[in-house]
Amino acid sequence: MSQNDIQELHAIVQGVVQGVGFRYFVVRNASALGLRGYTRNNESGDVEVVAQGPRPALERLLPLLRRGPSAAYVDDVETTWRQPTEHFSGFNIRW
């Protein structure tokens, strides 16, 4: 697999991540990195992120998820790397 092959990062961001603009932060940064996918709030209070793109771009997104916007407090980011099973156009918030 080359660095430019499309991969998928599934991340669950835990902490104070809802009601602080976290999803908009993810959309802005993931879009700037040329990634496709979505982010959404989970009922558990976590934020889920599914991002697709070249591995180097996905790896640049990870430290941003661990930091979040200024009002957020991130406790942990659980990550799973996988092959894409769905095609996304752009990076969006799901409700």
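Below you will find a few notes about this structure.

Cut-offs applied
- Residues numbered from 1 in each chain as written.
- Predicted model: local features only at pLDDT ≥ 70, side-chain atom pairs only at ≥ 80, totals over all residues.
- Heavy atoms only, no water.
- Helix = DSSP H or I, 4+ residues; strand = E, 2+ residues; numbered from the N terminus.
- Expected span 1.5 Å × (residues − 1).
- Buried < 20%, exposed > 50% of the residue type's maximum accessible area, 1.4 Å probe, protein only.
- Contact = heavy atoms within 4.5 Å.
- Axes fitted to C-alpha atoms, helices over the stretch in contact; angles between N-to-C directions.
- Parallel < 35°, antiparallel > 145°, perpendicular 65-115°, else oblique.
- Left-handed = near helix turned anticlockwise from the far one by under 90°.
- Nonpolar A, V, L, I, M, F, W, Y, C, P; charged D, E, K, R; others polar.
- Salt bridge = Lys/Arg side-chain N within 4 Å of Asp/Glu carboxyl O.

## Examining helix α2 (residues 55-67)
Along an α-helix, residues three or four positions apart point the same way, because every turn accommodates 3.6 residues. Taking 1.5 Å as the rise per residue, α2 with 13 residues should run 18 Å; its terminal C-alpha atoms sit 19 Å apart, in good agreement. Within the span of α2, buried status applies to Ala57, Leu58, Leu61, Leu62, Leu64 and Leu65. Where α2 is buried, its residues meet β1 (6-16), α1 (22-32), β3 (47-54) and β4 (73-82). Backbone geometry just downstream of α2 places Gly68 in the positive-phi region, at approximately 70°.

## Quick look at the packing of α1 against α2
Between α1 and α2, whose axes approach to 11 Å, the crossing angle comes to 160°. Between α1 and α2, the angle is such that the two are roughly antiparallel. The handedness of the crossing between α1 and α2 comes out as right-handed. Contacts from Phe22, Phe25, Val26, Asn29 and Ala30 in α1 reach Leu61, Leu64, Leu65 and Arg67 in α2. Split by residue class, the contact of α1 with α2 holds seven nonpolar, one polar and one charged.

## Some details on the pattern of salt bridges
Under the definition given, this model contains four salt bridges. A salt bridge links Arg40 to Glu48, with the shortest nitrogen-to-oxygen separation between them at 2.7 Å. The partner of Arg94 in a salt bridge is Glu86, with the nearest N and O atoms 3.2 Å apart. Note on Glu86: relative accessible area 40%, which makes it partly exposed.

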